[in-house]
Amino acid sequence: MKVLKFGGTSVANAENISKVIKILENESKKHNIAVVVSALGGTTDLLIEAGNLATNKDEKYIDVFQQIANRHILAVEELIKDSKKQSVLKQVNAQLEELKQILQGLYLINEFSNKTVDKIVSFGELLSSYIISEALQQTLKSATLKDSRELIITDSTFTNAVVKTKETSANISTFFNNNKDKVVVLPGFVSRNKNNDTTTLGRGGSDYTAALIASATKAEVLEIWTDVSGMYTANPKLVKQASPIREISYEEAMELSHFGAKVLYPPTVQPALQKNIPILIKNTFAPAEDGTLITKKNKNKSQPVKGISHIENIALLTLEGNGMVGIPGFSKRLFSALSTNHINVVLITQASSEHSICVGIYSADAKKAKHVVDEEFVYEISKKKIKPLMVEESLAIVAVVGDNMKSHQGISGRMFRALGKNNVNVRAIAQGASERNISAVISNKDIKKALTALHNRFFEKQVKILNLFIVGVGNVGAILLDQIKKQQDHLSTNLLLNIRVVGISNSKKMIFDEEGIDLNSWQAQLQKGKKRTHQSFFNTVKKFNLSNSIFLDVTANEDIANTYKDYLKESISVIACNKIACSSKYSDYQKLKDLSRRYNASFLFETNVGAGLPIINTLNNLINSGDRITSIQAVLSGSLNFIFNNFNDEHSFHDIVKQAQEEGYTEPDPRIDLSGIDVARKILILAREAGYKLDLKDIKNKTFLPKASLKAKTVDDFYNTLKTEALHFSELYKSAKTNNCQLKYVAEFNNGKASVRLKEIDKEHPFYNLEGKDNIVLFFTERYTEQPLIIKGAGAGAEVTASGLFGDIITLGRN
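Residues numbered from 1 in each chain as written. Predicted model: local features only at pLDDT ≥ 70, side-chain atom pairs only at ≥ 80, totals over all residues. Heavy atoms only, no water.

*Asks:* Where do I start with the overall build of the protein chain in this structure?
*Replies:* Helix and strand counts for the protein chain stand at 29 helices and 29 strands. Here the C-alpha atoms of the protein chain give a radius of gyration of 37 Å, more than 25% beyond the 28 Å that 2.2 N^0.38 yields for 815 residues. Across the 815 residues that make up the protein chain, the buried fraction comes to 53%. Partitioning the contacts of the protein chain with sequence separation of at least 6, the portion at a separation of at least 24 is 71%. Summed over all atoms, the accessible surface of the protein chain reaches about 36700 Å², with 47% contributed by carbon and sulfur. (Helix = DSSP H or I, 4+ residues; strand = E, 2+ residues; numbered from the N terminus. Rg over C-alpha atoms; globule rule 2.2 N^0.38 Å. Buried < 20%, exposed > 50% of the residue type's maximum accessible area, 1.4 Å probe, protein only. Contact = heavy atoms within 4.5 Å. Areas by Shrake-Rupley, 256 points an atom, 1.4 Å probe, with all protein chains shown as cover.)

This is the structure in structure tokens:
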């Protein structure tokens, strides 16, 4: 025989009940079945609400009663065929009338005792079981209804009655031994005492009913049908990658249920566990799915961790003081004080020094716990032997569960490494000697991040999810998004990286999608986005609190650069195309570096120098491997190299600068490029990365622009000076040509000093044949003394700059 229990969501309405009936029809072809049903979903709460309203002389109880009545009458109307409908409605209305009279009595006497509570809430299961049995009998003649109150005998502890196991087991055995029907429908939750008063079995009462029947009949399996396909590796509402667990041991199921897995309430299924009856969790709405089979022993030895669960809204109590060391009895008094006041302890940890004891309780009990514990230890506190009880709230417990963890080394190391890498601070740790459960207390705000990180570590192919928040989607930013879109499959297959663009912003609007913005339509979405400010964008990123979050700045905005510190303090990595932060005051630059290390958040800015060229990365590798930079020579402006490579006798300097601007090699204001300030920033960044403390004012900038150009107030005025000062520029070219040289704008760093200037480069120098918009860097080091390490390639352009940013993203993802 099988015992099947259907919960409130499974029988919430006629549509769901029809699914249940179909399941029962199929199962009855192969097995005799006992079917335990809960009340229609939400009915128990409505019954209690009606009782409370009536007791408080609030006539709204009539409205709630009518809501209950309407739901059950509608179920009959939709489930029962015309030939039986009137007789079923008559019986349902009779039960509803009895309920109404009890409520009217409460309204008059204003007393809602536990005994009356049980009487009222029993109507939920009694009504649902009757309606379901009548609907089932229309297609399955060998089906009957049995009132569980005739089988399950309890004491008189109303609302949470204690079952008289021996008598109950005998009643159930006798009934089913004599039963001839294929299917017996029974109301869950309800029972009676010796005086024939209705009692109820408390939380999880319908599961308890089913377990008692399974135990007494020695059923081959107890099936609990609900609205999920079993117990999951993590809460699927928080971890999208969570999957059902095919098979799990009783102990593992109990641990997961204790720590928040709502499918099972451990105390209620004890009768089945004691008889080693397998429990199968199934989904009413997806009956073909396997579900989770709970058995005595875990047959799968290869998977050490079976699930990750959590409890929210935990308070951590810490009792500490030197007066506790070596003195017996403190723990007993602490737990006695909590127990006496009905405060449940969910986690315990104590340091071996005996200096402190930590316990986790539910936050709702925190205030009471503080009062009773301080009262218990008032003498020791007054003598300063111990401190008043410390209470930390807004916490949660995450637990990694598995029978086989004890036979696998390094589980706890992997757990805490995953939390640490995602900047989840652990406040307390607990692990039993069985090693079936490792628990950690963390902040409530980190629950989703912690569960995702742990699930990724223990259950998924090690694909790392990177969550990108991009500011600046002009030319470079748009190309970067296109590159990411095209490379998704390659990154997932070859690098095990999943890059999700979660936030996008331009100067006016911003959009977010925690599951990843569709990169096929981001432009259209952004047009409809919310109004953006630096603070609102940051606040949203912070609120999401996603693991592996990356803020990517593809602007030249100083205000945005000033926000980097805020992101790093929240353990959000920063990738910057923007040079302002790294070329600002040395103290500010160093602070960002320090914050990056302190909060375990990367700060990458490869594209600050040389666009997509691996200049900064190469420099860092030299330094980190023990080399020392002695000199740097470089052409670092693709725009200036383009200008001086194309400037000749046939083309005026004005025309070449205009062409460079039109082709996107210069800023909209070319003075930024031609002034040399951009190159000065780049050599400053390289010098700093080489370990030298320099500021922008320390960079000697010898300009090649005439005074008139430097004084120009507008871009148009500046272009006019390029015409009026054409002779000045021609002389620069003629001098270089006469000396068989090329004009190059060169950045140099020697012996702690840096400069930028226009130089005539002879044919023997590596810079001479530098073409187009290319950059070149020569690193002279203690290892590269005579022949420098040379990096050369395209140093400007949206495609290569975007690829440089993409490279930083991948670098961060692989760390």
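*Asks:* How should the nonpolar core be read in this particular structure?
*Replies:* Taken as a class, soluble globular proteins show a tendency for nonpolar side chains to be buried jointly. The biggest cluster of nonpolar side chains holds 79 residues, and the ones touching the most others in it are Tyr-564, Phe-653, Ile-683, Phe-704 and Phe-779. Counting residues per element, this core draws most heavily on helix H25 (residues 677–689), which supplies 7 residues. Contacts of Ile-683, omitting those with residues within four sequence positions, involve Ile-632, Leu-636, Ile-699, Ala-747, Glu-748, Phe-749, Ala-754 and Val-756. One finds Val-11, Val-20, Tyr-61 and Val-64 within the second-largest nonpolar core, a separate group that totals 51 residues. (Core = buried A, V, L, I, M, F, W, Y, C linked by side-chain atoms within 4.5 Å.)

*Asks:* Help me understand the environment of Leu-622, please; the structure alone is not making it clear to me.
*Replies:* On the secondary structure map, Leu-622 appears in helix H21 (residues 615–624). Every residue in contact with Leu-622, bar those within four places of it in the chain, is listed here: Asp-627, Ile-629, Phe-779, Thr-781, Arg-783, Tyr-784 and Leu-789.

*Asks:* Would you mind showing me how to read unusual backbone geometry here?
*Replies:* What you tend to see is this: most non-glycine residues have negative phi, and most peptide bonds are trans. One non-glycine residue with positive phi stands out, namely Asn-548, at about 55°. Tracing the sequence through the fold places Asn-548 in the loop between helix H17 (534–544) and strand E21 (549–553). Looking at Asn-548, the relative accessible area reads 23%, which means it is partly exposed. Its identity as a non-glycine residue notwithstanding, Asn-600 has a phi of 55°, on the positive side. Looking at where Asn-600 falls in the secondary structure, it is placed in the loop between helix H20 (586–598) and strand E23 (603–604).

*Asks:* Please explain the pairing of strand E28 (residues 774–781) as it appears in this structure.
*Replies:* When a strand is regular, its side chains alternate between the sheet's two faces. Here E28 lies mainly inside the structure; 7 of its 8 residues are buried. With 6 bridges connecting them, E28 and strand E29 (residues 789–794) associate as antiparallel partners. Within E29, the residue paired with Val-777 across the bridge is Ile-791. (Pairing = 2+ DSSP bridges.)

*Asks:* What is the right way to read the side chain of Asp-627 from this model?
*Replies:* With respect to the helices, strands and loops of the structure, Asp-627 is situated in the loop between H21 and strand E24 (629–635). The buried charged residue Asp-627 lacks any salt bridge partner; its closest oppositely charged side chain belongs to Arg-783, at an N-O distance of 4.2 Å. A polar atom in the side chain of Asp-627 sits 3.3 Å from the backbone nitrogen of Arg-783. (Lys, Arg positive; Asp, Glu negative; His and termini not counted. Salt bridge = Lys/Arg side-chain N within 4 Å of Asp/Glu carboxyl O. Polar contact = N/O pair within 3.5 Å; in protein donor to acceptor, adjacent residues only side chain to side chain.)

*Asks:* Where do I start with the environment of Asp-155 in this structure?
*Replies:* Secondary-structure assignment places Asp-155 in the loop between strand E3 (143–145) and helix H6 (165–178). Taking C-alpha positions, Asp-155 is 5.4 Å from Asn-193, a pair spaced 38 residues apart along the chain. Once you skip the residues sitting within four places of it in the chain, Asp-155 turns out to touch Ala-161, Val-162, Lys-164, Asn-193 and Thr-199. Reaching out from Asp-155, the side chain makes a polar contact with the side chain of Thr-157 at a distance of 3.0 Å.

*Asks:* So what exactly am I meant to see when it comes to the pattern of salt bridges here?
*Replies:* Opposite charge on two side chains allows them to pair when their charged atoms are near. On inspection of all chains with the given rule, the structure shows 34 salt bridges. Across the pair Arg-149 and Asp-147 runs a salt bridge, and its minimum N-O distance is 2.8 Å. Exposure class is identical for Arg-149 and Asp-147. Each is buried. A salt bridge links Lys-682 to Asp-678; the nearest nitrogen and oxygen atoms lie 3.4 Å apart. Taken together, the residues Lys-682 and Asp-678, both in helix H25 and 4 residues apart, mark about one turn of the helix. Residue Asp-678 is classed as buried on the basis of its relative accessible area, which comes to 11%. Several salt bridges share partner residues, and in doing so they unite Lys-2, Glu-27 and Glu-223 into one network.

*Asks:* Sorry, what's going on with helix H4 (residues 82–109) here?
*Replies:* Side chains of residues three or four places apart in an α-helix project in the same direction, reflecting 3.6 residues per turn. Between its first and last C-alpha atoms H4 spans 41 Å; for 28 residues at 1.5 Å apiece the expected length is 40 Å, and the two agree. Listed as buried for H4 are Lys-85, Val-88, Leu-89, Val-92, Gln-95, Leu-96, Leu-99, Leu-103, Leu-106 and Tyr-107. On its buried face, H4 is in contact with helix H2 (43–55), helix H3 (61–79) and helix H5 (114–137). Positive phi appears at Asn-110, one or two residues downstream of H4, with a value of about 60°. (Expected span 1.5 Å × (residues − 1).)

*Asks:* Just to check I follow, could you spell out empty space enclosed by the protein for this structure?
*Replies:* The gaps left among the atoms become clear once a water-sized probe is rolled over them. This model, assessed by the stated rule, comprises 1 cavity of 30 Å³ or more. As a volume, the largest cavity reaches approximately 40 Å³. What lines the largest cavity is Val-471, Arg-532, His-534, Phe-537, Phe-551, Ile-560, Thr-563 and Tyr-567. For the lining of the largest cavity, the class distribution of residues is 5 nonpolar, 2 polar and 1 charged. (1 Å grid on protein atoms, 1.4 Å probe; cavity = no way out; pocket = protein on both sides within 12 Å on 5 of 7 lines; lining within 4 Å. Points joined across faces, edges and corners; volume = space filled by probe spheres on them. Nonpolar A, V, L, I, M, F, W, Y, C, P; charged D, E, K, R; others polar.)

*Asks:* Can you walk me through the sheet that holds strand E18 (residues 497–505) in this structure?
*Replies:* Adjacent strands of a sheet form backbone hydrogen bonds with each other and so pair up, either parallel or antiparallel. Reading across the sheet, the 7 strands line up as E20-E19-E18-E17-E21-E22-E23 and stay open at both edges, with mixed pairing between neighbours. Bordering the open sheet on either side are strand E20 (530–531) and E23, each of which pairs with just one other strand. Most of the contacts of helix H29 (residues 798–814) go to strand E22 (residues 573–576), to which it runs at about 160°, and overall it touches strand E17 (464–471), E18, E21, E22 and E23. (Axes fitted to C-alpha atoms, helices over the stretch in contact; angles between N-to-C directions.)

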